Amino acid sequence: MLTQYKTVAGYGEAEIVIERSRFIGYAQRVTTEEEAAAFIAAIKKKHWDATHNCSAFVIGEHDQIQRSSDDGEPSGTAGKPILECIKKNGCKDTAVVVTRYFGGIKLGAGGLVRAYTAGTVAALKAAGIVAHVLHQAIAVSVDYTWWGKVENELRIGRQRVVDTVFTDKVTVHVLIPAGEEEAFVAGMVDLTNGQAEIVRGERKYVEVPIEAVGDEG
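An account of the accompanying structure is given in this report. Keep in mind it's a predicted model, so treat the numbers as computed, not measured.

### Looking at the sheet that holds strand β6 (residues 94-101)
Reasoning step 1: On the basis of which strands lie adjacent, the open sheet formed by 5 strands has the order β2-β3-β6-β4-β5 and antiparallel pairing. Looking at strand neighbours, the two that pair on one side only are β2 (12-18) and β5 (65-69), the edges of this open sheet. When the angles between neighbouring strand axes are averaged without regard to direction, this sheet yields 15°.
Reasoning step 2: Along the sheet, helix α1 (residues 33-46) makes contact with β2, β3 (21-29), β4 (52-59), β5 and β6, crossing β4 at roughly 165°.
Reasoning step 3: This element, helix α2 (residues 79-88), spans β4, β5 and β6 of the sheet and lies at about 35° to β4.

Below is the structure:
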C-alpha cells in the first residue's frame, strides 16, 4: 500500500468564462476505466449541444491507466493539458471533463491550453482534493492511574484519537501515520513503565484536504 496518495474528494463542477467562451469543468473520483467512460459519457449527454467536451483521466496506484481526448479541438490543446493538470496535482483515480461553448473569439493554441488547464483546476477545486494518508490503528489500554499521563501525551502527538472507552480500564483508539507506529508504541510502553496493553488493528487511509494548483503552482 502507498503511504500516501491524492485524489478528488468526490464530484465537483465549476464554470469560468474566457473571451466569451464558457468552460465548464467537471471532476469525479473513479476507480476503473469503465467508471471514467461512464462519467465522460454522462457529461457529453448533458452537454450534447456543446462545441467540445474534452476529457482525461488517471487511474491506478501507479497511474497505470491514462487517457485523454481533445474532442475536436486542435491536437494537444485540450485533452493533454487536462491530463497534465490532473497529474501535476498528483491525483489518482480522477476523471475530468471540460465542456466548452464557443463564444466567437478564437484563443489560439496557447490560449486553449491555458483555458483547459484553468477549467481543470476549477473542477478539481470544486470537487476538493484530498490526500489519503496511510495510518495504523492502535488501541492502548491502561489503568486509571496512568490515564492522566497518557492523555497529556496524546494532546501533543501526531496521532488521531478516534475513540476513548472508560470501563474498568481506559482504552483509547488512535490512528498513527504509517512509519511512526513503532515510536508511538515504544513511547507508550516507556510512559507507563510497561503497564499499557497495546493492540494493533488494521491499516487505513485518512483523508486530508489539499489545495488544487495550476501552472502557477
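### A closer look at the pattern of salt bridges
Reasoning step 1: If you walk through the whole model with that rule in mind, you get 10 salt bridges.
Reasoning step 2: A salt bridge links Glu151 to Arg155, with the shortest nitrogen-to-oxygen separation between them at 3.6 Å. Placement of the pair is Glu151 and Arg155 together in helix α4 (residues 144-156), with a separation of 4 residues, close to one helical turn.
Reasoning step 3: A relative accessible area of 29% places Glu151 in the partly exposed class.
Reasoning step 4: Taking relative accessible area as the criterion, Arg155 reaches 58% and is therefore assigned exposed.
Reasoning step 5: Glu181 is paired through a salt bridge with Arg203; the nearest N and O atoms lie 3.1 Å apart. Separated by 22 residues along the polypeptide, Glu181 in helix α5 (residues 181-191) and Arg203 in strand β10 (residues 197-210) bring together distant segments of the chain.

### A short note on the nonpolar core
Soluble globular proteins: nonpolar side chains tend toward being buried together.
Reasoning step 1: Of all hydrophobic cores here, the largest spans 23 residues; its most connected members are Ile82, Ile86, Val96, Tyr116 and Leu124.
Reasoning step 2: For this core, the element with the most residues is helix α3 (residues 108-127), which contributes 7 residues.
Reasoning step 3: In this structure, Ile138, Val142, Val174 and Val185 belong to the second largest nonpolar core, which totals 15 residues.

### Thoughts on α3
One full turn of an α-helix is made of 3.6 residues, so residues set three or four places apart face in the same direction.
Reasoning step 1: Between its terminal C-alpha atoms α3 stretches 28 Å, which fits the 28 Å expected from 20 residues at 1.5 Å a residue.
Reasoning step 2: One or two residues past the end of α3 sits Gly128, with phi positive at roughly 90°.

### Comments concerning the side chain of His135
Reasoning step 1: With respect to the helices, strands and loops of the structure, His135 is situated in strand β7 (residues 129-142).
Reasoning step 2: Taking relative accessible area as the criterion, His135 reaches 4% and is therefore assigned buried.
Reasoning step 3: At a separation of 2.9 Å, a polar atom in the side chain of His135 contacts the main-chain carbonyl oxygen of Val133.

### Brief notes about the packing of α4 against α5
Reasoning step 1: Two numbers describe how α4 lies on α5: the axes approach to 10 Å, and their chain directions differ by 145°. Both α4 and α5 take part in a crossing whose hand is right-handed. Residues Trp146, Lys149, Val150, Glu153 and Leu154 of α4 touch α5, and the partners they reach there are Phe184, Met188 and Leu191.
Reasoning step 2: Within the contact of α4 with α5, the residues separate by chemical class into 6 nonpolar, no polar and 2 charged.

### Describing α2
Reasoning step 1: Taken together, the buried positions of α2 are occupied by Gly79, Pro81, Ile82, Leu83, Cys85 and Ile86.
Reasoning step 2: For α2, the secondary structure elements touched by its buried residues are β4, β5, β6 and α3.
Reasoning step 3: Following α2 by one or two positions, Gly90 adopts a phi angle in the positive range, close to 70°.

### Remarks on the packing of aromatic side chains
Reasoning step 1: For the structure on display, the rule yields 5 aromatic pairs.
Reasoning step 2: On the basis of an interplanar angle of 85° and a centroid distance of 6.1 Å, the ring pair of Trp147 and Phe166 is categorised as edge-to-face. With Trp147 in helix α4 and Phe166 in strand β8 (residues 160-166), this residue pair connects regions lying 19 residues apart in the sequence.
Reasoning step 3: Overall, the relative accessible area of 12% leaves Trp147 in the buried class.
Reasoning step 4: On the basis of relative accessible area, Phe166 is assigned to the partly exposed category, the value being 48%.
Reasoning step 5: Chaining the aromatic ring pairs together yields one cluster made of Tyr144, Trp147 and Phe166.

Rules and cut-offs
Residues numbered from 1 in each chain as written. Predicted model: local features only at pLDDT ≥ 70, side-chain atom pairs only at ≥ 80, totals over all residues. Heavy atoms only, no water. Pairing = 2+ DSSP bridges. Helix = DSSP H or I, 4+ residues; strand = E, 2+ residues; numbered from the N terminus. Axes fitted to C-alpha atoms, helices over the stretch in contact; angles between N-to-C directions. Contact = heavy atoms within 4.5 Å. Salt bridge = Lys/Arg side-chain N within 4 Å of Asp/Glu carboxyl O. Buried < 20%, exposed > 50% of the residue type's maximum accessible area, 1.4 Å probe, protein only. Core = buried A, V, L, I, M, F, W, Y, C linked by side-chain atoms within 4.5 Å. Expected span 1.5 Å × (residues − 1). Polar contact = N/O pair within 3.5 Å; in protein donor to acceptor, adjacent residues only side chain to side chain. Left-handed = near helix turned anticlockwise from the far one by under 90°. Nonpolar A, V, L, I, M, F, W, Y, C, P; charged D, E, K, R; others polar. Phe/Tyr/Trp six-rings, centres within 6.5 Å; stacked < 30°, edge-to-face > 60°.

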